[in-house]
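Descriptive analysis of the structure
Listed here are the chains, written in short residue letters.
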Amino acid sequence: MTSTSPAQASIRSNTVKPSLSRRFCVAPMMDWTTSHYRYLARLLSRHTLLYTEMVTTGALIHGDTDRFLRHDPAEYPLALQLGGSDAGELAHCAKLAEQFGFDEVNLNVGCPSDRVQNNMIGACLMAHPDRVAEGVRAMADATSLPVTVKHRIGIDGRDSWDQLCEFVEKVAGAGCRTFIVHARIAILEGLSPKENREIPPLNYDWVYQLKQRYPHLEIIINGGIKTFAEVHQHLAHTDGVMLGREAYHNPWLLAGVDPEFFGAPAPFHTPHEALRAMLPFIRSELERGVYLGHISRHLLGLFHGMPGGRQFRRYISENAHKAGAGLEVIEEALARVREPEASPIVTA
Ligand SMILES: Cc1cc2nc3c(=O)[nH]c(=O)nc-3n(C[C@H](O)[C@H](O)[C@H](O)COP(=O)(O)O)c2cc1C
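Residues numbered from 1 in each chain as written. Predicted model: local features only at pLDDT ≥ 70, side-chain atom pairs only at ≥ 80, totals over all residues. Heavy atoms only, no water.

**Some words on the nonpolar core**
Put simply, the rule is: Nonpolar cores were defined as sets of buried Ala, Val, Leu, Ile, Met, Phe, Trp, Tyr and Cys residues, with membership established by side-chain atoms within 4.5 Å. Categorising residues by exposure relies on relative accessible area from a 1.4 Å probe, with only protein chains included: less than 20% of the type maximum marks a residue as buried, more than 50% marks it as exposed, and the intermediate range marks it as partly exposed. Only runs of H or I of at least four residues qualify as helices and only runs of E of at least two qualify as strands under DSSP, and these elements are numbered from the N terminus. It only takes one pair of heavy atoms within 4.5 Å for two residues to be counted as in contact.
Counting residues in each nonpolar core, the largest one holds 111 residues, and the members touching the most others are Phe24, Leu44, Val136, Leu254 and Met278. Among the elements that line this core, the one with the most residues is helix α13 (residues 271-287), at seven residues. Other than its neighbours up to four places away in sequence, leucine 254 contacts Phe24, Val26, Tyr37, Ala41, Leu44, Ser45, Thr48 and Ala247.

Next up, the structure:
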């Protein structure tokens, strides 16, 4: 039997949203930062700002809006990331974001995939600062939520410092105060999205220089950040950090965020406690008809680098997809990892 832990009970019963800070954020990641991942992330840190996967304006307007915007109030503070470039559609979706309770609406100007380029979504918009500015202005007029932009430092053929500044100035002029900057260019011709997260070199210096040049803007740095030591270094030059892959593959890292960056207690001492606290949520999702594998795939990294972590991962991978698989798969997997007396809260 499982019971609701004090930490989880406090998340569920807390009707006051924690204030929004962008000092530490988890990046929007398609198929990864689903509502199930975000629930886990929120259990591990009360203060980290979470982002949804990107949802295109077309999908929201013409598709199943409720399904795309569905989230658990326990996930707050939570930002909705939009993909799009039509000002009217962006304004409409910004309103939806507010109606559905999100804390921020973010525009994706960083995704390099061909599919989105063809629809004038993502990084290709770095070549169209006026169009981005028009979209941002329409969103800002339509909602009282903060409107933020996540972008690259450039794209192939438009990768100079002056062009980056022109982009930021135009978009800031339209009402965006917060820029989340992935510190590498995107190469739109010839690299896959994955390669575009690895091959173009990181240039943190330009992000630091943006903060120096525009001290009134909030500048959040993203790209290749893995450890708290690196986070501290970046915080000396910027207003916040955004972690993507590391926060996904090693989610227990998040359990150290509240004490390390917000002066608040860690919600859990061990990943075991955190996973046990998640069991009631998993049970209610299963009861709703959700397939266990859709939830459990986000748990695979929870014991990353710990004794038994591989057995945990393997047990779930081998069993969660079987017909009728339920909560017992998670409990069995958990029993394979020895619980330390007091766990190291992460990774410096
Ligand atoms: C699987 C995956 C999906 C992603 N999807 C999105 C997305 O929907 N929107 C977006 O702005 N960036 C997306 N990104 C990029 C991340 O938000 C982030 O900018 C990038 O991974 C660099 O940060 P990191 O080095 O900390 O991972 C995605 C990255 C990954 C790995």
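**So, unusual backbone geometry**
Here the amide bond leading from tyrosine 76 into proline 77 is cis, since omega sits at 0°, within 30 degrees of zero. Here proline 77 shows up in the loop between α4 (65-69) and β3 (78-83). Of note, aspartate 31 is a non-glycine position whose phi angle comes to about 70°, a positive value. Among the secondary structure elements, aspartate 31 is positioned in the loop between β1 (24-26) and α2 (35-44). Its identity as a non-glycine residue notwithstanding, methionine 120 has a phi of 55°, on the positive side. Among the secondary structure elements, methionine 120 is positioned in the loop between α6 (114-117) and α7 (129-142).

**Here's the deal with the sheet that holds β1**
Using the following cut-off: When DSSP finds two or more bridges between a pair of strands, those strands are recorded as paired. Each axis is a line fitted through C-alpha atoms, and for a helix only the stretch in contact is used; angles between axes span 0 to 180 degrees, taken between their N-to-C directions.
Spatial strand order, β1-β2-β3-β4-β5-β6-β7-β8: eight strands in a closed barrel with parallel pairing. Strand-to-strand twist across the sheet, computed as the mean angle between neighbouring axes with direction ignored, equals 25°. Two strands pair when backbone bridges link them, and strand β2 (residues 49-56) and β3 are joined in this way by five bridges, in the parallel orientation. Paired with threonine 56 across the two strands is glycine 83, which belongs to β3. Across the sheet, helix α8 (residues 161-173) touches β4 (104-109), β5 (147-152) and β6 (178-182), and the angle it forms with β5 is around 170°.

**Considerations on the side chain of serine 45**
This is how it is decided: Here a polar contact means two N or O atoms within 3.5 Å. Within protein one must be a hydrogen donor candidate and the other an acceptor candidate, and residues neighboring in sequence count only if both atoms are side-chain atoms.
With respect to the helices, strands and loops of the structure, serine 45 is situated in the loop between α2 and β2. Given the relative accessible area of 0%, serine 45 is considered buried. Engagement of the side chain of serine 45 in a polar contact is seen with the backbone nitrogen of histidine 47, the distance being 3.3 Å. Of note is the side chain of serine 45, whose polar atom sits 2.7 Å from the side chain of threonine 48. In contact with serine 45, not counting residues within four places along its chain, are Leu254, Val257, Asp258 and Pro267.

**Comments concerning the site of the ligand**
To be explicit about the condition: Nearness here has a simple test: a residue counts as near a molecule or strand if at least one of its heavy atoms is within 4 Å of that partner. Residues are grouped as follows: Ala, Val, Leu, Ile, Met, Phe, Trp, Tyr, Cys and Pro are nonpolar; Asp, Glu, Lys and Arg are charged; all remaining types, including Gly, are polar.
Taken together, 17 residues surround the ligand, and among them Gln81, Asn222, Gly224, Gly244 and Arg245 come closest. Between the ligand and the protein, one listed contact pairs an oxygen atom with a backbone N or O atom of proline 28 at 2.8 Å. Side-chain polar atom of lysine 150 to an oxygen atom of the ligand: 2.8 Å apart, as the coordinates give it. Taken together, the residues of the shell around the ligand sort by class into seven nonpolar, seven polar and three charged.

**Description of α13**
Which entries qualify depends on this criterion: Here, expected helix span is obtained from the residue count minus one, scaled by 1.5 Å.
With 17 residues, α13 should cover 24 Å at 1.5 Å per step; its first-to-last C-alpha distance of 24 Å lies within 8% of that length. The complete set of buried residues in α13 reads Pro271, His272, Ala274, Leu275, Ala277, Met278, Leu279, Phe281, Ile282 and Glu285. Of the residues one or two after α13, glycine 289 is the one with positive phi, at around 100°.

**Considering the pattern of salt bridges**
The cut-off we apply is this: For this document, the term salt bridge refers to a Lys or Arg side-chain nitrogen within 4 Å of an Asp or Glu carboxyl oxygen.
A full pass over the atoms with the stated rule returns 14 salt bridges. Salt-bridge contacts for arginine 22 lead to glutamate 218; the nearest nitrogen and oxygen are separated by 2.6 Å. Of this pair, arginine 22 sits in the loop between α1 (6-13) and β1 while glutamate 218 sits in strand β7 (residues 218-222), and the two are 196 residues apart along the sequence. Overall, arginine 22 belongs to the buried group, its relative accessible area being 8%.

Interpretation in functional terms is not warranted from these geometric data alone.
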